[in-house]
Amino acid sequence: MYGGGNSFEAMKATALTDEDPIKLAEFEARIDRGEKIEPSDWMPQLYRKQLTRMIEQHAHSEIIGALPEGTWITRAPGFKRKLALMAKVQDEVGHAQLLYSAAETLGKPREEMITDLINGKSKYSNIFNYPAFTWADSCFISWLVDAGAIVNQIANSKGSYGPYCRALERICAEESFHLKYGHHCVIHLATGTKVQREMMQEAFNRWWTPMMHFFGPSDKISVHSEILMRWKVKMSSNDECRQQFLDMYVPKIWELGLTLPDENLRKDPETGEWQFTEPDWEEFKRVINGDGPCNKERLAVRRVAEERGAWVRQALLAPKAKYVAPLA
Ligand code: COA
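Residues numbered from 1 in each chain as written. Predicted model: local features only at pLDDT ≥ 70, side-chain atom pairs only at ≥ 80, totals over all residues. Heavy atoms only, no water.

## Some words on the overall build of the protein
In step 1: From N to C terminus, the protein includes 13 helices and two strands.
In step 2: Reported as C-alpha extents along the three principal axes, the dimensions of the protein are approximately 75 × 60 × 35 Å.
In step 3: Considering the protein as a whole, with its 328 residues, one finds that 49% of them fall into the buried category.
In step 4: In the protein, 42 side chains carry a positive charge and 45 a negative one; their mean positions are 6 Å apart. (Helix = DSSP H or I, 4+ residues; strand = E, 2+ residues; numbered from the N terminus. Buried < 20%, exposed > 50% of the residue type's maximum accessible area, 1.4 Å probe, protein only. Lys, Arg positive; Asp, Glu negative; His and termini not counted. Charge placed at Lys NZ, Arg CZ, Asp CG, Glu CD.)

## A word on the site of the ligand
In step 1: Not every one of the 31 residues close to the ligand is listed here, only the nearest: Lys123, Asn152, Val223, His224 and Lys234.
In step 2: Interatomic distance of 2.8 Å between a side-chain N/O atom of Arg53 and an oxygen atom of the ligand.
In step 3: Separating an oxygen atom of the ligand from a side-chain N or O atom of Ser222 is a distance of 2.7 Å.
In step 4: Elements supplying a minimum of two residues to the shell around the ligand: helix H3 (45-70), helix H6 (135-156), helix H8 (194-214), helix H9 (225-230) and helix H11 (281-288).
In step 5: Tallying contributions element by element places H3 first for the shell around the ligand, with six residues. (Near = heavy atom within 4 Å. Polar contact = N/O pair within 3.5 Å; in protein donor to acceptor, adjacent residues only side chain to side chain.)

## Digging into the packing of aromatic side chains
In step 1: The full count for this structure, using the stated rule, is 16 aromatic pairs.
In step 2: Aromatic side chains Trp281 and Phe284 sit 5.2 Å apart centroid to centroid with 85° between the ring planes, which places their arrangement in the edge-to-face category. Here Trp281 pairs with Phe284, and both are found in helix H11, just three residues apart, close to one helical turn. Phe284 matches Trp281 in its accessibility class, with the two residues each being buried.
In step 3: Three or more aromatic residues joined by ring pairs make a cluster, and in this case those are Trp143, Trp208, Phe214, Phe215, Phe245 and Tyr249.
In step 4: The cationic tip of Arg75 hangs over the ring face of Trp72; the distance from NZ or CZ to the ring centre is 3.9 Å.
In step 5: The ring of Tyr249 has Lys252 lying over it, and the distance from NZ or CZ to the ring centre is 5.5 Å. (Phe/Tyr/Trp six-rings, centres within 6.5 Å; stacked < 30°, edge-to-face > 60°. Lys NZ or Arg CZ within 6 Å of the ring centre and 35° of its normal.)

## As for the side chain of Glu62
In step 1: Locating Glu62 in the fold gives a position in helix H3.
In step 2: Residues in contact with Glu62, not counting those within four places in the same chain, are Glu92, His95, Ala96, Leu99, Gln153 and Glu175. (Contact = heavy atoms within 4.5 Å.)

## Observations concerning the side chain of Glu175
In step 1: Within the secondary structure, Glu175 is located in helix H7 (residues 162-190).
In step 2: Here Glu175 is buried and forms no salt bridge, its nearest opposite-charge partner Lys88 lying at an N-O distance of 5.3 Å.
In step 3: The contacts of Glu175, once residues within four sequence positions are left out, are Glu62, Glu92, His95, Asp146, Ile150 and Gln153. (Salt bridge = Lys/Arg side-chain N within 4 Å of Asp/Glu carboxyl O.)

## Structural notes on the environment of Trp231
In step 1: Take Trp231: it is sitting in the loop between H9 and helix H10 (238-255).
In step 2: Among the residues examined, Trp231 registers a relative accessible area of 1% and is labelled buried.
In step 3: Setting aside anything within four residues of it in sequence, one finds Trp231 in contact with Leu16, Leu24, Phe27, Glu28, Ile31, Pro44, Leu46, Tyr47 and Ser160.
In step 4: At a separation of 2.6 Å, a polar atom in the side chain of Trp231 contacts the side chain of Glu28.

## What to know about a nonpolar patch on the surface
In step 1: Together, Trp311, Val312, Leu316 and Leu317 make up a nonpolar patch on the protein surface, roughly 520 Å² of accessible area in all.
In step 2: Position of Trp311 among the secondary structure elements: in helix H13 (residues 310-317).
In step 3: The exposure class of Trp311 is exposed, given its relative accessible area of 61%. (Patch = residues over 30% accessible without salt bridge, like charges linked within 9 Å, V, L, I, M, F, W, Y side chains within 5 Å. Areas by Shrake-Rupley, 256 points an atom, 1.4 Å probe, with all protein chains shown as cover.)

## Details of the state of the cysteines
In step 1: By the definition in use, this model includes zero disulfides.
In step 2: No disulfide involves Cys165; its nearest neighbouring cysteine sulfur is the one of Cys172, lying 10 Å away.
In step 3: Residue Cys165 is classed as buried on the basis of its relative accessible area of 1%.
In step 4: In this structure Cys294 is not part of a disulfide, and its nearest cysteine sulfur, from Cys139, lies 18 Å away. (Disulfide = S-S within 2.5 Å.)

Here it is, written out as structure tokens:
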């Protein structure tokens, strides 16, 4: 299962009929007028629940996403690359911070979100469950995973929930630096020695399927898109984001003399739509449900971080400690 499927449809129908119809109509009219919904405003329970799910998953993706690139900080080639990658990884963790804060405005405490992550109850992006074997893998993530994230986030930053949109605006500004950094790294390898070019090509071969999965299942089977788009939480569908990404980046990849591991990938001159071989959606389901190449490792790292950081959180939340004067 991707998500709720038919049970979600049944839950949605009940959830909407349980709401006060006048309040629901006023809420939807506000959304249609393009107004922002703020935390203290009335909102249907389903809007709250869906937003919490989506923002929380997004926040988890940022802290888990810091892990595959984080392992490359000490091994990045040269001081400048190390500095830039360290700054990028720090930014990603900062994005998680912004997103957890936005999700908290909907009522779910951060501790509970982290517990749900490390217990495997909450999802996070499929793509961070793959290993970054080589430096080229790290370059692929910095350029193209961030590019994919920007496509999705720029659209959603125009959405209906104020705190999420404001967080996304700031995140997109920072991501645009990541994108330039990643593009520069890929150009360097793609125009470098034979070994460097091969290493970059192998990374493209490894990451292309997870990248196609990244935008979510096709609109025909997406569980949540319909209600999320009706309420302007998602401003572009999964397929629209995937198409936009292909349109913007495939020509840039081909320009560098790199190839993509899909012989059916081409833009239909009549419709302007990209055609491609459907990626293996069984693999996607396995990965998002906890059985990808690195799921266990990623969650284990988060669990250790949670345990090691417990004393810091306790100290911050403890009642003011008695001031002890330093010895003269
Ligand atoms: N990785 C992991 N899970 C994914 C996924 C992905 N790339 N794409 C979809 N899913 C999951 C959904 O979370 C959902 O599972 P759930 O019901 O258990 O929560 C299920 O697959 C069905 O997908 P769909 O109905 O299409 O979900 P959606 O409408 O929430 O769309 C996103 C999925 C990722 C496009 C959407 O949640 C989104 O735009 N999120 C914000 C951006 C984000 O999280 N980016 C992550 C990386 S920076």
